[in-house]
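# Overview (structure and organization)
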Amino acid sequence: MAKMKALVIKDVGKLVFEDRPIPQVKNPDDVLLKIKTVGICGSDVKIVEGKHHFKPDTILGHEFCGEVVEIGSHVDHLKVGDRVAVDNNIRCGFCDFCRMGLTSQCVEIKTSALGVMRDGGYAEYCLVPEKQCFVLPDMIDDVLGTQVETLATVVNGMNQLMMLPYDYALVIGFGPIGYLFAQFCKNIAVKCAVTEIDPYRIEVAKKCGLTVWNPNEVDIPTMISEYTYGRKADIVIEATGNGFEQALKCVTPGGKVLPFGMDSSITANVVPNEITRWATKIIGLYLGQNTMVPSIRIFRENRIDMDNFFTKVISLDDGINAFEDLGLDLKTLQRIPKKAMKIVMKP
């Protein structure tokens, strides 16, 4: 059986480069993709770090696009040669959540997510159900195509926030997710500030023309209060997974908090009466939800500034070393200063 190169998560802290069999089309709706590009997501870093669920011995990578090279007998909407982005979260379509429109809570996502629970895009090939594929227009190149699913999650957040031009917003954490939310704020003309502790990403925020504060150097609730003339933020987007308590301190009465970042190792101390008394709206959501097509539209029309988003494109062979650039020492599993915003790999 023909082999391919792949990056495989064996266990917490153990990411290895190995040969794997090229997957074979078996099911009628199978689509075999030759991977063009795959992004390294912050959740991939957390998987390796042990702060996000995963299935051991799985090929990582859920931010990818590829070329269709083989299709199953019942694939009707794709053809060989199509270039597609992938929604890695496979919904069953039959559970109560799916049939009531809350597909992000599908009971099967926890066992079927590509690049988390089944083999993903850190490889030369990947097998994907047809319904997870979205044809890319020519104006979206392979590098940008890796971020369609990422943007789809942010668009889902924007749909729920219903942000208005006169809102004051705070984005906690200026990684790739914080970057995208901040760009939407700028587009809508929202007055927006971001927080970040990493020097590299602080500089990226400045390049984007954003107000940025380091919570290790200043008191963020004080800064956002001064920034908004004593009001605090109408919208706080928590994009790290560890800043929920701070978000509650920064939101104005009647404002909205979106806990978007994910970190299963974090707990928070909350006084429920404070949420009730100040009418704080906490918005829980997960993944994208019918937002892949809107994301493609946004990228196709160049609606957001991505000039400072991508740091570099590397080969899959160099993928393990890239985790250090993204702030994780693989030998100690300790956090170190970052040297990148988004890194994309080519097999």
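Right above here is the structure, for reference.
Residues numbered from 1 in each chain as written. Predicted model: local features only at pLDDT ≥ 70, side-chain atom pairs only at ≥ 80, totals over all residues. Heavy atoms only, no water.

The pairing of strands in a sheet comes from backbone hydrogen bonds and takes either a parallel or an antiparallel form. Taken together, the three strands give an open sheet; going across it, the order is β2-β1-β4, and neighbouring strands pair in antiparallel fashion. In this open sheet, the two edge strands, each paired with only one partner strand, are β2 (14-21) and β4 (58-59). Sheet topology places strand β1 (residues 3-11) next to β2; eight bridges connect them, and they run antiparallel. Paired with V8 across the bridge in β2 is V16. (Pairing = 2+ DSSP bridges. Helix = DSSP H or I, 4+ residues; strand = E, 2+ residues; numbered from the N terminus.)

Under the defined criterion, the tally for this structure stands at six aromatic pairs. Plain terms: the ring middles of Y168 and Y229 are 6.4 Å apart, the flat faces sit at 55° to each other, and that makes the pair tilted. Within this pair, whereas Y168 is found in strand β9 (residues 168-172), its partner Y229 is found in the loop between α8 (220-227) and β12 (233-238), the two being separated by 61 residues in sequence. Owing to a relative accessible area of 18%, Y168 belongs among the buried residues under this scheme. Centroid distance F181 to F260: 5.1 Å. Interplanar angle 85°. Geometry classified as edge-to-face. Separated by 79 residues along the polypeptide, F181 in helix α6 (residues 176-188) and F260 in the loop between β13 (251-259) and α10 (272-277) bring together distant segments of the chain. Across the pair, exposure class does not vary: F181 and F260 are buried alike. Taken together through their ring pairs, the aromatic side chains of F174, Y179, F309 and F310 make up a single cluster. (Phe/Tyr/Trp six-rings, centres within 6.5 Å; stacked < 30°, edge-to-face > 60°. Buried < 20%, exposed > 50% of the residue type's maximum accessible area, 1.4 Å probe, protein only.)

What follows covers the nonpolar core. Counting residues in each nonpolar core, the largest one holds 47 residues, and the members touching the most others are F64 and Y122. Listed by contribution, the elements that provide at least two residues to this core are β1, β3 (30-39), α1 (42-49), β5 (63-71), β6 (83-86), β7 (125-129), α12 (319-325) and β18 (342-346). Membership of the second largest hydrophobic core comes to 44 residues, among which are M158, L161, I202 and L258. (Core = buried A, V, L, I, M, F, W, Y, C linked by side-chain atoms within 4.5 Å.)

Moving on to the side chain of R20. Take R20: it is sitting in strand β2. Its relative accessible area of 13% is what places R20 among the buried residues. Ignoring any residue separated from it by four or fewer positions in sequence, one finds R20 in contact with A2, K3, M4, A6, V8, K10, D57, I59 and D119. (Contact = heavy atoms within 4.5 Å.)

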